[in-house]
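Given next are the chains, with one letter for each unit.
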Amino acid sequence: MSFANLKRGGTDLSKLINDAEKSTGARDRSTDERFWTPTRDKAGNGYAIIRFLPSREENTIPWVRYWDHAFKGPTGQWYMEKSLTTLGQADPLSELNSKMWNESADGSTQRKVVSSRSRNLRYVANIFVISDQLAPENEGKVKLYRFGKKIFDKIMAAMKPPFPDEKPIDPFNMWEGADFVLKISSELVMGKPLPKYDASYFKAPSALIDGNEAKLEAIYDMQHSIGEWVDPSTFKSYDELKARMNLVLGESAPRTIRETATLDNTMEAPTIKTAENFSMSETDDDETMNYFAKMAKE
C-alpha cells in the first residue's frame, strides 16, 4: 500500500481489533541489527518511547505472531526453535510435553520439566524509536520490536478499551495513533531479576513527528518486512525438529507419538514464568495449565 493511500484511507480499526482477537491465537535477534532491544540499567530498569507503525501491505495486520521453544536440555545444549503449532501443524516437542503432562500428577517433577520448556508467544512489529535514554543512538530509527503478551494486551486495550469513558485508538496510525511509553522494572523470579512491563502505557493520541508528511513517508518506507517469521519455508520440518529435540534431551530412541488431537492455532499455550525463559515470555501460569488440561480431554 502506498503512503498516499495510507494517509487517505487510514486503517480499519474494527478489522484490526478482529485480527488482534484472532491472534490471541529467522535470524537471531541478538545479531540482527534490524531489531531494537530495550536497554536496562544495572537495577534492571528501562525507559523508552516508541511508536508502533502501520503495515506496508494492504489488508494485512501490522504485526506477526508465532510460537517458539527456548530451553536448555540435560545435555547442556539449547533447544531454540520455532514451533510448528504456529502453522497449525503437529510439533514434536508439543506432543512430548502433552504426553508427559497427561501421564504425571499435579506438582510432580515431570510437570515442572514440561512447564520449563513449554511454548513462548512472540509478536514482531515495526516501530519508530522516539526516545531511548540509555541508547540514544537508536533514536529516530525504524526498528523491528519483538514483544510478548503483556505489551500486546496493552495494544488491545488501546484499540478496545475496557471502560466506556475511554475512546478507542489505533496505536499503529501515524496521525491519530499514540506514542507508547515503555517502562521496564525488575522483578525477582526464582532469585533472578527479570523484566516487568506493567507500568507501560499509551500517551494521548497525536501525530507522529508533528504530522510532517515528508518525514512520515520516509519512516513508512524504511519499514522492515515481518512476514519471514511466519513464512512456512523458515520453519524446520517435523523430523528435523524431532532430531534436534532428541539431541538436546539426550534421547537416541525418541518415543514421541503423534496424538490424535489436532494442535491448531486457536490453542493458547504460553510459557510459564521460569528463570530460563521468562525474559521473553510475558504470560500467566494459568494459561499453560489450561492448555495441557484441554489436551488431556481431547
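Above this text is the structure in question.
Residues numbered from 1 in each chain as written. Predicted model: local features only at pLDDT ≥ 70, side-chain atom pairs only at ≥ 80, totals over all residues. Heavy atoms only, no water.

### A short note on the overall build of the chain
The helix and strand tally for the chain stands at eight helices and eight strands. Looking at the chain as a whole, 47% of its 298 residues are labelled buried. For the chain, the exposed surface amounts to about 14,600 Å²; the carbon and sulfur share of it is 50%. (Helix = DSSP H or I, 4+ residues; strand = E, 2+ residues; numbered from the N terminus. Buried < 20%, exposed > 50% of the residue type's maximum accessible area, 1.4 Å probe, protein only. Areas by Shrake-Rupley, 256 points an atom, 1.4 Å probe, with all protein chains shown as cover.)

### With respect to helix α3 (residues 92-102)
Burial of α3 is extensive: nine of the eleven residues sit out of reach of the surface. Inspection of α3 places Pro-92, Leu-93, Ser-94, Glu-95, Leu-96, Asn-97, Ser-98, Met-100 and Trp-101 among the buried residues, and these make up the whole buried set. The distance from a side-chain oxygen at the start of α3 to the backbone nitrogen of Leu-93 is 3.1 Å, and the residue carrying that oxygen is Asp-91. (Polar contact = N/O pair within 3.5 Å; in protein donor to acceptor, adjacent residues only side chain to side chain.)

### Observations regarding the environment of Ile-130
Within the secondary structure layout, Ile-130 lies in strand β4 (residues 120-132). C-alpha separation for the pair Ile-130 and Val-142, spaced twelve residues apart in sequence, amounts to 9.6 Å. Apart from the residues lying within four places of it in its own chain, the contact partners of Ile-130 are Ile-49, Ile-50, Arg-51, Glu-139, Asp-179 and Leu-208. (Contact = heavy atoms within 4.5 Å.)

### Let's talk about unusual backbone geometry
Phi is mostly negative for residues that are not glycine, and the peptide bonds are mostly trans. With a phi close to 50 degrees, Ile-209 is a non-glycine residue in the positive phi region. Along the chain, the position of Ile-209 falls in the loop between β8 (201-202) and α6 (213-221). Here the phi dihedral of Asp-210 falls at roughly 55 degrees; this positive angle occurs in a residue that is not glycine. Tracing the backbone shows Asp-210 in the loop between β8 and α6. Relative accessible area serves as the criterion here: at 79%, Asp-210 is assigned to the exposed category.

### Quick look at the environment of Ser-186
Note that Ser-186 resides in strand β6 (residues 180-189). We classify Ser-186 as partly exposed; its relative accessible area is 32%. It is 6.1 Å that separates the C-alpha atoms of Ser-186 and Asn-45, two residues lying 141 residues apart in sequence. With near-sequence residues (within four places) excluded, Ser-186 lies in contact with Ala-43, Gly-44, Asn-45, Pro-193 and Leu-194.

### Describing the packing of α3 against helix α4 (residues 109-116)
Where α3 meets α4, the closest approach of the two axes is 9 Å, and the angle between their N-to-C directions is 155 degrees. In terms of axis orientation, α3 runs roughly antiparallel to α4. Relative to α4, the crossing made by α3 is left-handed. On α4, the residues touching Asn-97, Met-100 and Trp-101 of α3 are Gln-110, Arg-111, Val-113, Val-114 and Ser-115. Among the residues making up the contact of α3 with α4, the classes are represented as four nonpolar, three polar and one charged. (Axes fitted to C-alpha atoms, helices over the stretch in contact; angles between N-to-C directions. Parallel < 35°, antiparallel > 145°, perpendicular 65-115°, else oblique. Left-handed = near helix turned anticlockwise from the far one by under 90°. Nonpolar A, V, L, I, M, F, W, Y, C, P; charged D, E, K, R; others polar.)

### Looking at the pattern of salt bridges
This model, assessed by the stated rule, comprises ten salt bridges. The shortest N-O distance in the salt bridge between Arg-111 and Asp-106 comes to 2.4 Å. Residues participating in the shared-partner salt-bridge network are Asp-32, Arg-34 and Glu-228. (Salt bridge = Lys/Arg side-chain N within 4 Å of Asp/Glu carboxyl O.)

### A short note on the nonpolar core
Core analysis: the biggest nonpolar cluster contains 27 residues, and Trp-36, Phe-52, Tyr-145, Phe-147, Ile-151 and Leu-182 have the highest contact counts within it. Breaking this core down by element, the ones donating at least two residues are β1 (46-52), β2 (63-72), β4, β5 (142-147), α5 (149-159) and β6. If one sorts the elements of this core by residue count, α5 sits on top with six residues. One finds Leu-96, Met-100, Val-114 and Val-248 within the second-largest nonpolar core, a separate group that totals 14 residues. (Core = buried A, V, L, I, M, F, W, Y, C linked by side-chain atoms within 4.5 Å.)

### Quick notes on the pairing of β1
The buried count for β1 comes to six of seven residues, which makes it a mostly enclosed element. In this structure, β1 lies alongside β6, joined through five bridges in antiparallel fashion. Note on β6: the bridge partner recorded for Gly-46 is Ile-184. As defined by bridge partners, β1 adjoins β4 across five bridges and the pair is classed as antiparallel. Its bridge partner being in β4, Ile-49 is matched across the sheet by Ser-131. (Pairing = 2+ DSSP bridges.)

### Structural notes on the packing of α3 against helix α7 (residues 238-249)
At a minimum axis distance of 8 Å, the contact between α3 and α7 shows a crossing angle of 55 degrees. Taken together, α3 and α7 sit at an angle that is classed as oblique. Listed contacts from α7 to Pro-92, Leu-93, Glu-95 and Leu-96 of α3 are Tyr-238, Leu-241, Lys-242, Met-245 and Leu-249. Looking at the contact of α3 with α7, its residues break down into seven nonpolar, no polar and two charged.

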